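Topology and contacts: notes
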Amino acid sequence: MAVTVKSQEEIQLMREAGKILGQVHDQLAEIIQPGITTMEIDKLGEELIRKAGCIPSFKNYEGYPASICVSINDEIVHGIPNEKNHLFEGDIVSLDAGVIYKGYQSDAARTHAVGKISDEDQKLIDVTRECFFKGIEFARAGNHLYQISSAIQKHAEANGFSLPRELTGHGIGQNLHEDPMIPNYKPLGRGIKLLAGMTLAVEPMLNAGKKDIWILEDDWTCVTRDGSKSAHYENTILITDGDPEILSLV
């Protein structure tokens, strides 16, 4: 699949998808508290997405059974909501969600504190978010893709965190995952040249410990191999000739 440059009509649909997704994330943030189940988060997320006239991107995507990926503590991504899994004081929880609006996708993730958390965990959440913004400083037409990757890696490692190599950002449009893959570390080479009209999902995932990961027996939930905590921050962005436009941040 080639990297696609979107038309103005397509961009407008993606703007609307992103706006709705940003609002969903804001509303989900308000219910994060000790005692809530991951299934309750998923049910509200799906309800909000459908009420806004969208389809949840993740529901049944390659067999994933839920609308919101809810990943707690050492779960990096793709945690499956469950009515038995409660959030506890001191946890951190990552919510990853996507919406389809009139055939076009948006994808975004946030990590939240559950009640009062440690300073170390708060730093992990904060630096993960900062990595996204450090990366997209280079997300403009004429630059190369791996300049984004390099900036993410430098900021993460300067703060003592590691980056799983197997998990990347991606292009997005009519499909949830399109070319190019966007590593959160600097590979060899420069990557593709960025063009105005490209739409990307940039998503740093930082581990407090080592970068090694493990997939649980459900074949979805991705965890840190050493049991350290992990945080995730993602937005769908539009490449322009100037600063990128963040489509999924209200």
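Residues numbered from 1 in each chain as written. Predicted model: local features only at pLDDT ≥ 70, side-chain atom pairs only at ≥ 80, totals over all residues. Heavy atoms only, no water.

**Focus: the nonpolar core**
Counting residues in each nonpolar core, the largest one holds 26 residues, and the members touching the most others are Ile148, Leu200, Val202, Leu206 and Ile237. With six residues, helix H3 (residues 119-136) is the single largest residue contributor to this core. Excluding anything up to four places from it in sequence, Ile148 contacts Gly135, Phe138, Ala139, Leu194, Leu200 and Val202. Ala17, Ile20, Val24 and Ile49 belong to the second largest nonpolar core, which has 22 residues in total. (Core = buried A, V, L, I, M, F, W, Y, C linked by side-chain atoms within 4.5 Å. Buried < 20%, exposed > 50% of the residue type's maximum accessible area, 1.4 Å probe, protein only. Helix = DSSP H or I, 4+ residues; strand = E, 2+ residues; numbered from the N terminus. Contact = heavy atoms within 4.5 Å.)

**Here we look at the sheet that holds strand S7 (residues 178-182)**
Read across the sheet, five strands follow the order S7-S6-S8-S13-S14 without closing on themselves; strand pairing throughout is antiparallel. The open sheet has two free edges, formed respectively by S7 and strand S14 (245-246), since each of these has just one partner strand. When strand S13 (residues 235-238) meets S14, the two strands line up antiparallel, connected through two bridges. Across the sheet, Ile237 pairs through a bridge with Ile246, a residue of S14. (Pairing = 2+ DSSP bridges.)

**Comments concerning the pattern of salt bridges**
Within the structure shown, the criterion is met by six salt bridges. Where Asp121 meets Lys229, a salt bridge forms, and the shortest distance between an N and an O atom there is 2.6 Å. Pair noted here: Asp121 is in helix H3 and Lys229 is in the loop between strand S11 (222-224) and strand S12 (230-232), with a separation of 108 residues, a long-range link. On the basis of relative accessible area, Lys229 is assigned to the partly exposed category, the value being 21%. The partner of Asp243 in a salt bridge is Arg140, and the shortest N-O contact between them spans 2.4 Å. (Salt bridge = Lys/Arg side-chain N within 4 Å of Asp/Glu carboxyl O.)

**Focus on the side chain of Asp91**
For Asp91, the position within the fold is in the loop between strand S3 (75-77) and strand S4 (92-101). Notably, Asp91 is buried but unbridged: the nearest opposite-charge side chain belongs to Lys229, and the N-O separation is 5.6 Å. Of the polar contacts made by the side chain of Asp91, one reaches the side chain of Asn73; its length is 2.9 Å. Ignoring anything within four residues of it in the chain, the contact list for Asp91 reads Ile72, Asn73, His86, His112, Ala113, Val114 and Ile117. (Lys, Arg positive; Asp, Glu negative; His and termini not counted. Polar contact = N/O pair within 3.5 Å; in protein donor to acceptor, adjacent residues only side chain to side chain.)

**As for the environment of Ser118**
Inspection of the secondary structure puts Ser118 in the loop between strand S5 (104-113) and H3. Taking relative accessible area as the criterion, Ser118 reaches 29% and is therefore assigned partly exposed. In sequence terms Ser118 and Asp91 are 27 residues apart; their C-alpha atoms lie 9.3 Å from each other. A polar side-chain atom of Ser118 sits 3.0 Å from the main-chain amide nitrogen of Asp121.

**Concerning the state of the cysteines**
According to the stated counting rule, one finds zero disulfides in the structure shown. Free of any disulfide, Cys54 has its nearest cysteine sulfur in Cys69, 17 Å distant. Assessed through its relative accessible area of 3%, Cys54 is described here as buried. Looking at Cys131, it has no disulfide partner, and the nearest cysteine sulfur is the one in Cys222, 17 Å off. (Disulfide = S-S within 2.5 Å.)

**Let's talk about the pairing of strand S2 (residues 68-72)**
Counting buried positions over the five residues of S2 gives five, a clear majority of the element. By the alternation rule, side chains of S2 split into Ile68, Val70 and Ile72 and Cys69 and Ser71, which are all buried. Of the pairings in the sheet, the one linking S2 to S4 comprises five bridges and is antiparallel in character. Counterpart to Val70 in the pairing with S4 is Leu95.

**Things to note about H3**
If you check H3, its first and last C-alpha atoms are 26 Å apart, about what 18 residues at 1.5 Å a residue would give, namely 26 Å. Among the residues of H3, those classed as buried are Asp121, Leu124, Ile125, Val127, Thr128, Cys131, Phe132, Gly135 and Ile136. (Expected span 1.5 Å × (residues − 1).)

**Topic: helix H1 (residues 8-29)**
Over its 22 residues, H1 runs 31 Å from end to end, which matches the ideal 32 Å to within 8%, given 1.5 Å per residue. Among the residues making up H1, those that are buried are Glu10, Ile11, Met14, Ala17, Gly18, Ile20, Leu21, Gly22, Val24, His25 and Leu28. At its buried positions, H1 is contacted by helix H2 (38-51), S2, S4, S5, strand S8 (199-202) and S13.

**Thoughts on the packing of H3 against helix H4 (residues 145-158)**
Where H3 meets H4, the closest approach of the two axes is 8 Å, and the angle between their N-to-C directions is 150°. Here H4 runs roughly antiparallel to H3, going by the angle between their axes. As for the relative orientation of H3 and H4, their crossing is right-handed in sense. Counted together, Val127, Glu130, Cys131, Lys134 and Gly135 of H3 and Ile148, Ala151, Ile152, His155 and Ala156 of H4 form the full contact between these two elements. Here the residues of the contact of H3 with H4 sort into six nonpolar, two polar and two charged. (Axes fitted to C-alpha atoms, helices over the stretch in contact; angles between N-to-C directions. Parallel < 35°, antiparallel > 145°, perpendicular 65-115°, else oblique. Left-handed = near helix turned anticlockwise from the far one by under 90°. Nonpolar A, V, L, I, M, F, W, Y, C, P; charged D, E, K, R; others polar.)

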